Amino acid sequence: MHPPLLVPSILAGDHARLADSAALVERLRLPWIHLDIMDGHFVPNLTFGPGTVAALRRNSRLFFDVHLMLDEPHRYVEPFATAGANLISIHIEPGYDHAATLAHIRQLRCQCGIVLNPDTPAAAVEPHLDRVDLVLVMTVQPGFGGQSFRRDTLPKITRLAAWRRTRGLRFRLEVDGGIDLATAAECRAAGTDTFVAGTSFFGAADPAAFAAAFAQLA
Ligand code: DX5
Ligand code: ZN
């Protein structure tokens, strides 16, 4: 299993000063930042598009973990790759050619991830496990930051971690939504290695102290 990685979500950063929010993450020597892309259809909220990601790319050397919450992600992987994404994750729920889209992301020289909503069973992504770099388990219903962690997703994390172990796979297992020190510890015990944190990081009185406390996670 990979060592625990804290991935701040810029959704909870300052949207008038996104480059400053990214710079804070870089200063704390956290290598990744999570970028949430919402289309107002797959989720009832909107964020930003490839133009903003490209602008951020010119101001940041961080690894861009791009989470597409879109009904038609296959139409947008290329613009986000061109904008500077390093990893692009797509949801399993909408109907499109998931395998072809994952292959396309790879062709674009990005890592690829598959995402499941809280009520989507692990079996839905099982056919894709040997072709992804990351599986993202949503631990809240996607669309908004600041929601409470869904503890009922823990058995699914345990199952995915078991499949990873028994099949000799190496994908990262990422959680997203309601992650703080306590819920991260529960997810770690279930097999998670990659932890998205929006509110708990950017909303912390002292994000550096939060990151230091996170680093103690066994
Ligand atoms: C929610 C997004 C998350 C969000 C998490 O739809 O996918 O990445 O930023 O926010 P917190 O950590 O506040 O739950
Ligand atoms: Zn996200």
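The coordinates are above.
Now for a look at the structure at hand. (Residues numbered from 1 in each chain as written. Chains lettered and ligands numbered in written order. Predicted model: local features only at pLDDT ≥ 70, side-chain atom pairs only at ≥ 80, totals over all residues. Heavy atoms only, no water.)

1. A word on the environment of Asp176
Point 1. As for its position among the elements, Asp176 is in strand β7 (residues 172-176).
Point 2. Given the relative accessible area of 8%, Asp176 is considered buried.
Point 3. Sequence-wise, Asp176 and Ser9 are 167 residues apart; in three dimensions their C-alpha atoms are separated by 8.9 Å.
Point 4. Setting aside anything within four residues of it in sequence, one finds Asp176 in contact with His34, Asp36, His67, Leu136, Val137, Met138, Thr139, Val140 and Val196. (Helix = DSSP H or I, 4+ residues; strand = E, 2+ residues; numbered from the N terminus. Buried < 20%, exposed > 50% of the residue type's maximum accessible area, 1.4 Å probe, protein only. Contact = heavy atoms within 4.5 Å.)

2. Observations regarding the side chain of His98
Point 1. Mapping His98 onto the fold places it in helix α4 (residues 98-107).
Point 2. A distance of 3.0 Å separates a polar atom in the side chain of His98 from the backbone oxygen of Pro94.
Point 3. The residues touching His98, leaving out its near neighbours within four places in the chain, are Ile90, His91, Ile92 and His128. (Polar contact = N/O pair within 3.5 Å; in protein donor to acceptor, adjacent residues only side chain to side chain.)

3. Remarks on the packing of aromatic side chains
Point 1. Going through the model one piece at a time under the given rule, you end up with three aromatic pairs.
Point 2. Residue placement shows Arg164 over the ring face of Phe171; its charged tip is 5.6 Å from the ring centre. (Phe/Tyr/Trp six-rings, centres within 6.5 Å; stacked < 30°, edge-to-face > 60°. Lys NZ or Arg CZ within 6 Å of the ring centre and 35° of its normal.)

4. Some words on the side chain of Thr101
Point 1. As for its position among the elements, Thr101 is in helix α4.
Point 2. A distance of 2.7 Å separates a polar side-chain atom of Thr101 from the backbone oxygen of Asp97.
Point 3. With sequence-adjacent residues up to four places away left out, Thr101 is seen in contact with His74, Val77, Ile90 and Tyr96.

5. Considerations on the nonpolar core
Point 1. Formed by 59 residues in total, the largest nonpolar core has its most connected members in Leu35, Leu68, Ile88, Ile90, Val135 and Leu160.
Point 2. A total of five residues in this core trace back to one element, the largest contributor, which is helix α5 (residues 154-166).
Point 3. Once residues lying within four places of it in the same chain are set aside, the contact partners of Leu35 are Ile10, Phe48, Val53, Leu56, Phe64, Asp65, Val66 and His67.
Point 4. Core analysis: the second largest hydrophobic core is formed by eleven residues, Trp32, Phe63, Val115 and Val196 among them. (Core = buried A, V, L, I, M, F, W, Y, C linked by side-chain atoms within 4.5 Å.)

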